[in-house]
Amino acid sequence: MNLRRHLLVAILILGACKPAFNAGRFGSTDDLYRAALVEYNARRWENAVTAFERLTTELPPRDPRLPAALFYLGTSQQKRGDHLLAAKTYSRVFEIAPTDTLADDALLASGLAYQRLWRKPVLDAEYGDFALTQYQQLRGSFPNSVLLPQATEQIAKVDEWYAAKDYETGYHYLRRKAYDSAIIYFKDVIRLRPSAPSAKNAYLRLHEAYSAINYKDDARDLCDAMRKAYPADREVRAACGAVPAVVTAPPQ
């Protein structure tokens, strides 16, 4: 036991004696870049952030290593848990080098980082807006990027959250019998995001709102739209009833 204790103490002492990473001790950007990559590959994110931050201030604006340094910096920041900083750093890659091979990767990464900050649909959607902007920028600027399917998938997810947010807001007003406000939000879900999972519930709750204020014509028209959109759905049939029979005039 004593031997093990002495070994542990020796290891702790050696670790304590190891000098802290100092990005300022490297004599050139070449040396610093190599050292930054070593820290990055070793997953020492604090050191990697320190090194790449210094590089992004010391490398000339047209240095071909600058976009990569920014991308590595963004990844290191994200690994450290700084999603907002990472999102902004990634976006700088496209801003300073829109034709760089990392530009579309950086836009996707920026969007994903912003998206992580929108933690629940009911919360403020500002970061969702930022994420959507990055994904749309990727689609508009890089129509042949191999990352387009991922961007499209994430756009659909953000749209689903927008729909869920509007639905929950509408439902909040419906429960408080603020029917006019509820109708506005439910209509937005149906109009703007008809394929979102929340759309069917928006239809049903909109029908409740119309029925509560005796908007019979609007409720009937809505049922026609629901039957068309969800022809075999039991909840729609329960709300609207069977399809009215078509009465034809007898032959003369």
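Details of the structure are given in the entry above.
Residues numbered from 1 in each chain as written. Predicted model: local features only at pLDDT ≥ 70, side-chain atom pairs only at ≥ 80, totals over all residues. Heavy atoms only, no water.

S.K.: Looking at this model, I keep getting lost on the state of the cysteines. Mind explaining?
M.R.: Note on terminology: a disulfide is the covalent bond linking the sulfur atoms of two cysteines. The full count for this structure, using the stated rule, is one disulfide. With its sulfur 2.1 Å from that of its partner, Cys223 forms a disulfide with Cys240. In this structure the cystine formed by Cys223 and Cys240 twists about its S-S bond by roughly -85°; its chirality is therefore left-handed. Residue Cys223 is located in helix H11 (residues 216-229), and its partner Cys240 is located in helix H12 (residues 234-240); the two are separated by 17 residues in the primary sequence. Each of the two residues, Cys223 as well as Cys240, counts as buried. (Disulfide = S-S within 2.5 Å. Helix = DSSP H or I, 4+ residues; strand = E, 2+ residues; numbered from the N terminus. Buried < 20%, exposed > 50% of the residue type's maximum accessible area, 1.4 Å probe, protein only.)

S.K.: Would you explain the pattern of salt bridges in this entry?
M.R.: Any two side chains of opposite charge can pair, so long as their charged atoms come close to each other. By the definition in use, this model includes 15 salt bridges. For the salt bridge of Asp31 with Arg34, the shortest nitrogen-to-oxygen distance reads 2.5 Å. On the criterion of helical spacing, the pair formed by Asp31 and Arg34 is a turn pair, its members being three residues apart in helix H2 (residues 29-41). Take Asp31: its relative accessible area is 32%, and that puts it in the partly exposed class. Ionic pairing is found between Glu153 and Lys157, a salt bridge with its closest N-O pair at 3.7 Å. With Glu153 and Lys157 both in helix H8 (residues 148-175), this residue pair falls four residues apart, about one helical turn. Of the residues examined, Lys157 reaches a relative accessible area of 36% and is grouped as partly exposed. (Salt bridge = Lys/Arg side-chain N within 4 Å of Asp/Glu carboxyl O.)

S.K.: What exactly am I supposed to notice about the packing of H2 against helix H3 (residues 45-58) here?
M.R.: Contact pair H2 / H3: the axes reach a minimum separation of 8 Å and the direction vectors enclose 150°. On the basis of their axis angle, the class for H2 and H3 is roughly antiparallel. In the crossing of H2 with H3, the sense of the turn from one axis to the other is left-handed. Counting all contacts with H2, which are made through Thr29, Leu32, Tyr33, Ala36, Leu37, Glu39 and Tyr40, the residues of H3 involved are Trp45, Asn47, Ala48, Ala51, Phe52, Arg54, Leu55 and Glu58. (Axes fitted to C-alpha atoms, helices over the stretch in contact; angles between N-to-C directions. Parallel < 35°, antiparallel > 145°, perpendicular 65-115°, else oblique. Left-handed = near helix turned anticlockwise from the far one by under 90°. Contact = heavy atoms within 4.5 Å.)

S.K.: Whenever I open this one, the side chain of Lys200 confuses me. Can you help?
M.R.: Tracing the chain through its elements places Lys200 in helix H10 (residues 198-212). Here Asp233 takes part through its side chain, which lies 3.1 Å from a polar atom of the side chain of Lys200. For Lys200, the contacting residues outside a window of four places in its chain are Tyr230, Asp233 and Glu235. (Polar contact = N/O pair within 3.5 Å; in protein donor to acceptor, adjacent residues only side chain to side chain.)

S.K.: Explain the packing of aromatic side chains here, please?
M.R.: In this description, an aromatic ring pair is defined by two values, namely the gap between the centres and the angle between the planes. Under the counting rule described, the total for this entry stands at 17 aromatic pairs. Between the aromatic rings of Tyr33 and Phe52, the centroid separation amounts to 6.4 Å while the plane-to-plane angle is 85°, which identifies the pairing as edge-to-face. Here the residue Tyr33 occupies a position in helix H2, and Phe52 occupies one in helix H3, the gap between them amounting to 19 residues. Across the pair, Phe52 and Tyr33 agree in class, each one buried. With centroids separated by 6.4 Å and ring planes inclined at 15°, the aromatic side chains of Tyr114 and Tyr127 adopt a geometry described as stacked. Taken as a pair, Tyr114 in helix H6 (residues 103-117) and Tyr127 in helix H7 (residues 126-141) lie far apart in primary sequence, 13 residues in all. An aromatic cluster of three or more residues is present, and its members are Tyr33, Tyr40, Trp45, Phe52 and Tyr72. Over the ring of Tyr33 we find Arg65; its NZ or CZ atom is 5.8 Å from the centre of that ring. (Phe/Tyr/Trp six-rings, centres within 6.5 Å; stacked < 30°, edge-to-face > 60°. Lys NZ or Arg CZ within 6 Å of the ring centre and 35° of its normal.)

S.K.: When you look at the packing of H7 against H8 in this model, what are you seeing that I'm missing?
M.R.: Helix-helix packing is described using two parameters, namely the angle between the two axes and the distance between the axes. Orientation of H7 relative to H8, taken along the N-to-C sense of each, is 150°, at an axis distance of 10 Å. Considering their axes alone, H7 and H8 lie roughly antiparallel with respect to each other. The chirality of how H7 crosses H8 is left-handed. Every residue of H8 that contacts H7 at Gly128, Asp129, Leu132, Tyr135, Gln136, Leu138 and Arg139 is listed here: Leu148, Ala151, Thr152, Gln154, Ile155, Val158 and Tyr162. The residue inventory of the contact of H7 with H8, partitioned by class, reads eight nonpolar, four polar and two charged. (Nonpolar A, V, L, I, M, F, W, Y, C, P; charged D, E, K, R; others polar.)

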